[in-house]
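Examining the three-dimensional arrangement
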Amino acid sequence: MEPLASLKAPFQALPSFSSRHRTWIPPTQVNTYKKNSLFTMSVRAQVESNDGSAVVATSGESVVDALEVKEWEVGMLQNEVAASQGIRIRRRPPTGPPLHYVGPFQFRLQNEGNTPRNILEEIVWNKDKEVSQLKERKPLIVLKKALENAPPARDFIGALRAANERTGLPGLIAEVKKASPSRGILREDFDPVEIAQAYEKGGAACLSVLTDEKYFKGSFENLEAIRNAGVKCPLLCKEFIVDAWQLYYARTKGADAVLLIAAVLPDLDIKYMIKICKLLGLTALVEVHDEKEFDRVLGIEGIELIGINNRNLETFEVDIGITKKLLEGERGKIIREKNIIMVGESGLFTPEDIAYVQEAGVKAVLVGESIVKQSDPGKGISNLFGKDISLG
């Protein structure tokens, strides 16, 4: 079954609010109908009222009207499924129902307004629009063709394990980041290739490259430039993934790994995207922030790399004690049994911070701010670990 993120699954294949059969028209045909007036003829579209009785649309309603109703219902259902898994981030702004709507959500609507609850939700809403526009310009069939010319995927996890064995310290994923919503501009003289090369020389096992432009001043051009410059460190595309299309796009730009955020993606989406990642040769770094997200992710097969973000993405407060808290007890035992590599993220500035999360059980760390702000990022790495970890 396709994921909720793709909006391509038959409506009846999703959890249903009624046992009666629901006629389905593929949402992918919406544009076709809208662009071709021959298809906007009157139809007798059937929907269901809240009590399960059939309501026959008037002869004046068009195919487009029926499709818009279905799309809106699927969007409502997405949010309900996500909320049932503890996900508070809504994928897109809530909107009122189509005109004259009668259906299973008729008496369940809540007017929450269209203002994001926090910065993560704002980023996700913006990303949803951005990806929709990109998909129109570069359909999946075009990306699949472009994969033929993409550079080969490199072993992201293998690089982290090798660094950990070589140094006895967590393997470093060094982040190429110009700015963040919480800190603003981190480095004015920002040359992504120069920074990436300094990281590699300083002993980084892998690199994380921000590609979000609006909030982090990143770009896919930066990712491509670093890959084309001959940097050998495997590259993580640090992006807010809301659609499987983005996985293909990242791979065509030279990414070796991608970030999947459990605070944004329901379980079904994560499962589906991990399968696509394996097909493309991408490593999936699945990021969690609390116990509920961690437990959800531990129940998903095929996950090899989990990041614990010590930053609350809703409030942006940081507490490195979160890493220790999540890796204690039964969860730590499961991690060891499954041989999953844990990555500590955010709030790591000193050798003491690194030692703290390493003792908690991480085999890798993802660090950006504390090293990218240094005039010599390579020296920043030595300061972070308390010693030179370069290959010499």
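Refer to the structure above for everything that follows.
Residues numbered from 1 in each chain as written. Predicted model: local features only at pLDDT ≥ 70, side-chain atom pairs only at ≥ 80, totals over all residues. Heavy atoms only, no water.

1. Observations regarding the pairing of strand β10 (residues 305-309)
The buried count for β10 comes to 5 of 5 residues, which makes it a mostly enclosed element. Every second residue of β10 is oriented toward a common face, with L305, G307 and N309 on one face and I306 and I308 on the other, all of them buried. Sheet analysis places strand β9 (residues 283-288) next to β10, joined by 4 bridges and oriented parallel. Bridged to V286 within β10 is I306. Between β9 and its parallel partner β10, the chain crosses via helix α10 (residues 291-298), and the hand of that crossover is right-handed. Taken together, the 5 bridges between β10 and strand β11 (residues 341-345) define a ladder with parallel strand orientation. If you follow L305 over to β11, its bridge partner there is I341. (Buried < 20%, exposed > 50% of the residue type's maximum accessible area, 1.4 Å probe, protein only. Helix = DSSP H or I, 4+ residues; strand = E, 2+ residues; numbered from the N terminus. Pairing = 2+ DSSP bridges. Right-handed = clockwise from strand over helix to strand, strands pointing away.)

2. A word on the packing of aromatic side chains
Counting across every chain of the model gives 3 aromatic pairs. Ring centres of F220 and Y249 lie 4.7 Å apart, and the angle between their planes is 70°; on these two criteria the pair is classed as edge-to-face. In this pair, F220 is assigned in helix α7 (residues 220-228) and Y249 in helix α8 (residues 245-252), connecting sequence segments 29 residues apart. Classification of Y249 as buried rests on a relative accessible area of 8%. Note on W245 and Y249: the rings are 5.0 Å apart at their centroids and 15° apart in plane angle, and the pair reads as stacked. Of this pair, W245 and Y249 both sit in helix α8, 4 residues apart, which is roughly one turn of that helix. (Phe/Tyr/Trp six-rings, centres within 6.5 Å; stacked < 30°, edge-to-face > 60°.)

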